[in-house]
Amino acid sequence: KIVKVPLGFDQKKIFSLNLPREPYFLVLGRHDPHKNIPGILKGFYLSKLKDFKLKFVGTHDPRYTPKYIEMAEELGISNQCSWVSWVSDNERLNLLNKCQGLIIASFWEGFGLPALEAMACNTPVIASSRGALPEVVDDSAFLIDPSNPSSIAEAMKELVSNNTLVKILVERGQKRLEKFSWRNTAEMVEKVLHEII
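Scoring rules and cut-offs
Counting of residues starts from 1 at the beginning of each chain's written sequence and follows it residue by residue. Reporting of local features is limited, given that this is a predicted model, to residues whose pLDDT is at least 70; pairs of side-chain atoms are given and counted only at 80 or more, and all residues count toward the totals for whole chains, interfaces and linings. Where side-chain values are given, they derive from all heavy atoms of the structure, hydrogens and water being excluded. Helix numbers and strand numbers start at the N terminus; a helix is a DSSP run of H or I with at least 4 residues, a strand a run of E with at least 2. Here, two residues are considered to be in contact whenever any of their heavy atoms come within 4.5 Å of each other. Only protein chains enter the calculation, and the probe is 1.4 Å; a residue is then buried if its accessible area is under 20% of its type maximum, exposed if over 50%, and partly exposed in between. Here, any two strands with at least 2 DSSP bridges between them count as paired. Every crossover in which the path from the first strand over the helix to the second runs clockwise, viewed with the strands pointing away from the viewer, is termed right-handed.

Draft legend 1. Region of the structure containing the environment of Cys 81. If you trace the backbone, Cys 81 turns up in strand S3 (residues 81-84). Between the C-alpha atom of Cys 81 and that of Ile 69, which follows or precedes it by 12 residues, the distance is 8.6 Å. Beyond its immediate sequence surroundings of up to four residues, Cys 81 is in contact with Leu 41, Leu 54, Phe 56 and Ala 72.

And the structure:
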């Protein structure tokens with residue numbers, strides 16, 4: 001018998017600050033190929049959201065980052081993109097609270113902690129339909145096909161224009177977080193141990 005025990009998530013460090021939203025999408029993480037930064041750039045270009053920006057926050061990689069920056073220039077969106085390699089915990093919290101949405105368009109993820117962090121900040125999530133992300137977000141995020149930039153573009157436009165759906169996703173996100181509390185994790189582990197002993 002296989003029992004899946006979800007990781008715990010500490011909401012004491014990441015939470016909603018009730019700050020006004022600013023016109024940018026946030027992308028967190030290293031510049032590894034599986035993070036699909038080219039797909040996000042193409043999706044943003046196709047969205048034609050001229051009044052919005054893309055903020056990439058994560059460790060730069062000399063093998064890939066220059067190519068991504070060059071791609072943004074070729075697409076004509078370099079003035080809408082910012083590339084920050086590191087931020088403090090407080091800056092990260094503010095970015096998550098102010099962005100229009102968090103984008104995780106990876107080809108695979110082992111878990112997807114940033115999705116939970118965004119939900120804790122009442123921030124909608126655009127998440128890949130591959131890897132562990134669908135299991136983490138369930139029905140509380142815009143699920144996209146990471147290999148299709150048009151899918152990413154449509155999610156961005158929907159997030160900006162459909163306030164009702166965003167509200168629903170945020171509410172679902174708050175409920176979803178309950179599954180990932182350390183209390184829930186501890187209770188599930190305790191139950192499994194009792195069954196074994």
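Alright, that's what it looks like, and here's the rest.
Draft legend 2. Local environment of the environment of Lys 98. Turning to its location among the elements, Lys 98 is positioned in helix H3 (residues 89-98). Relative accessible area serves as the criterion here: at 26%, Lys 98 is assigned to the partly exposed category. Through-space distance from the C-alpha of Lys 98 to that of Asn 18 is 8.7 Å; in sequence the pair is 80 residues apart. Contacts of Lys 98, omitting those with residues within four sequence positions, involve Leu 19, Pro 20, Arg 21, Glu 22 and Tyr 24.

Draft legend 3. Representation of the pairing of strand S2 (residues 53-57). When strand S1 (residues 24-28) meets S2, the two strands line up parallel, connected through 5 bridges. Residue pairing across strands places Tyr 24 opposite Lys 53, the latter belonging to S2. Once you follow S1 into helix H1 (residues 37-47) and on to S2, the crossover reads as right-handed. As paired strands, S2 and S3 are joined by 4 bridges and run parallel to one another. Directly across from Phe 56, in S3, lies its bridge partner Trp 83. In this view, the connection linking S2 to its parallel neighbour S3 by way of helix H2 (residues 65-75) has right-handed handedness.

Everything listed here is a matter of coordinates, which is why it stays silent on function.
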